[in-house]
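What follows is each chain in one-letter form.
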Amino acid sequence: MKNIPIRAQIEGQDSKVNTDWLAIMATLKKRGLETDELEVVYFELCAGMRVTTRGLSLAKATPEAQLQGLLYEPKFSARDYAGMLSA
């Protein structure tokens with residue numbers, strides 16, 4: 001699963017926060033979701049659906065809502081990639 005930007009809201013409250021999938025996944029694991037259930041939530045979010053589970057309402061954040069500093073994707077240079085192929 002790739003890290004994606006998420007809009008989260010605690011059910012019954014009006015405020016929303018920007019976060020990312022890795023943070024939400026850790027929270028949902030603590031609240032008892034199993035790996036297969038997490039995958040279902042992830043794929044529904046990637047499909048653009050709004051998901052409500054374990055007291056949270058979640059939606060994939062839109063591209064115009066940039067989340068500076070929250071998402072980390074590893075960067076590989078062409079040299080690193082060539083090293084991975086020869087290993």
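Scroll up a little and you will see the structure.
To start, this report covers the structure provided alongside it. (Residues numbered from 1 in each chain as written. Predicted model: local features only at pLDDT ≥ 70, side-chain atom pairs only at ≥ 80, totals over all residues. Heavy atoms only, no water.)

### Topic: helix H2 (residues 35-46)
- Compared with the 16 Å implied by 1.5 Å per residue over 12 residues, the 16 Å span of H2 between its first and last C-alpha is a close match.
- Where H2 is buried, its residues touch strand S1 (5-10), helix H1 (21-30), strand S3 (51-53) and strand S4 (56-60).
- Residue glycine 48 follows H2 closely and has a positive phi angle near 90 degrees. (Helix = DSSP H or I, 4+ residues; strand = E, 2+ residues; numbered from the N terminus. Expected span 1.5 Å × (residues − 1). Contact = heavy atoms within 4.5 Å.)

### Regarding H1
- Those residues of H1 that fall on the buried side of the exposure criterion are Trp21, Ile24, Met25 and Leu28. Mapping the buried residues of H1 onto a view down its axis gives an arc of 100 degrees, with all of them on the same face.
- As for H1, its buried residues are in contact with S1, strand S2 (17-20), H2, S3 and S4.
- In the segment just after H1, glycine 32 is the residue with positive phi, at about 100 degrees. (Buried < 20%, exposed > 50% of the residue type's maximum accessible area, 1.4 Å probe, protein only. Arc of directions from axis to C-beta.)

### Points about the environment of threonine 53
- Mapped onto the secondary structure, threonine 53 falls in strand S3.
- Taking the C-alpha atoms as reference, threonine 53 lies 9.3 Å from leucine 33; in sequence the two are 20 residues apart.
- Apart from the residues lying within four places of it in its own chain, the contact partners of threonine 53 are Glu11, Leu28, Leu33 and Val41.

### Focus: the sheet that holds S3
- Spatially, the 4 strands line up as an open sheet ordered S2-S1-S4-S3, and their pairing is antiparallel. Edge positions in the sheet fall to S2 and S3, since each of these pairs with one other strand and no more. Across the sheet, the axes of successive neighbouring strands diverge by a mean angle of 35 degrees, strand direction being ignored.
- In terms of strand pairing, S3 meets S4 through 3 bridges, oriented antiparallel. (Pairing = 2+ DSSP bridges. Axes fitted to C-alpha atoms, helices over the stretch in contact; angles between N-to-C directions.)

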